[in-house]
Amino acid sequence: MKKYILGFGVLAMLLFLMLFVGGCNSYNNLVGLSQETDKQWAQVQSVYQRRADLIPNLVQTVSGAANFEKSTLTEITQARASVGQVKVNPNGAPADTVELEKFEKAQGQLSSALSRLLVVAERYPDLKATTNFRDLQSQLEGTENRITVERQRFNQVVQHYNTAVKRFPTVLFASMLGFQPKPYFSATAGAENPPKVEFNFDNKPK
């Protein structure tokens, strides 16, 4: 009888050690992957901030064009202000889809406003000919490309993290250790369509 009790105790101890080692390995792995997602989120915020920093100079340059549609500039200014009102954790990736969707919605509105501005600017040859506007347009286009790249990289590291969270045996420990799946960036609705612009032909540049 004592042998059975001793054997059961040894098995229980081995099982505990296996669970403990497995839990430690899972925790350390998830910490590393979570840190990677936070790092990439910081990159995403950085390129979005670069775009926001370009806008005041862009608006100032465009506003000098005679008869330029002021409503377009107002829309951009308001959209940029809306982005600043969306509060996200600067030190970590969004924890849920609601937080990320608010961020995406505000940034999407600003993207739409900027697209409208560049389309409207096609009506102003003198504006397009200025070096300052061309430089700002080039920087803006480059920033938009970087935003796309960093969003894609963010989704990749989130995929690695989420996969690790759901793998066995990590899935047994993840929730207990405070690790939950993170949300992805989704494709912006209507992003494949060009911006619609209604020109005010009663206010054409001379």
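The rules we used
- Residues numbered from 1 in each chain as written.
- Predicted model: local features only at pLDDT ≥ 70, side-chain atom pairs only at ≥ 80, totals over all residues.
- Heavy atoms only, no water.
- Salt bridge = Lys/Arg side-chain N within 4 Å of Asp/Glu carboxyl O.
- Helix = DSSP H or I, 4+ residues; strand = E, 2+ residues; numbered from the N terminus.
- Buried < 20%, exposed > 50% of the residue type's maximum accessible area, 1.4 Å probe, protein only.
- Axes fitted to C-alpha atoms, helices over the stretch in contact; angles between N-to-C directions.
- Left-handed = near helix turned anticlockwise from the far one by under 90°.
- Contact = heavy atoms within 4.5 Å.
- Nonpolar A, V, L, I, M, F, W, Y, C, P; charged D, E, K, R; others polar.

Attention now goes to the pattern of salt bridges. For side chains bearing opposite charge, pairing can occur when the charged atoms are close. One pass over the full model with this rule turns up 6 salt bridges. With its nearest N and O atoms 3.3 Å apart, the salt bridge here joins E104 to R151. Residue E104 is located in helix 3 (residues 97–121), and its partner R151 is located in helix 5 (residues 131–166); the two are separated by 47 residues in the primary sequence. Judged by relative accessible area, which is 14%, E104 ranks as buried. Owing to a relative accessible area of 15%, R151 belongs among the buried residues under this scheme. A single salt-bridge network, built from bridges that share partners, covers R146, E150 and R153.

With that settled, the discussion passes to the packing of helix 3 against helix 5. Each pair of packed helices can be summarised by the angle the axes make with each other and by the distance between the axes. Here helix 3 crosses helix 5 at 145°, and the two axes come no closer than 13 Å. Pair helix 3 / helix 5 crosses with left-handed handedness. Residues E104, L114, L117, L118 and A121 of helix 3 form the contact with helix 5, whose participating residues are F133, Q137, L140, E144 and R151. In terms of residue class, the contact of helix 3 with helix 5 is made up of 6 nonpolar, 1 polar and 3 charged.

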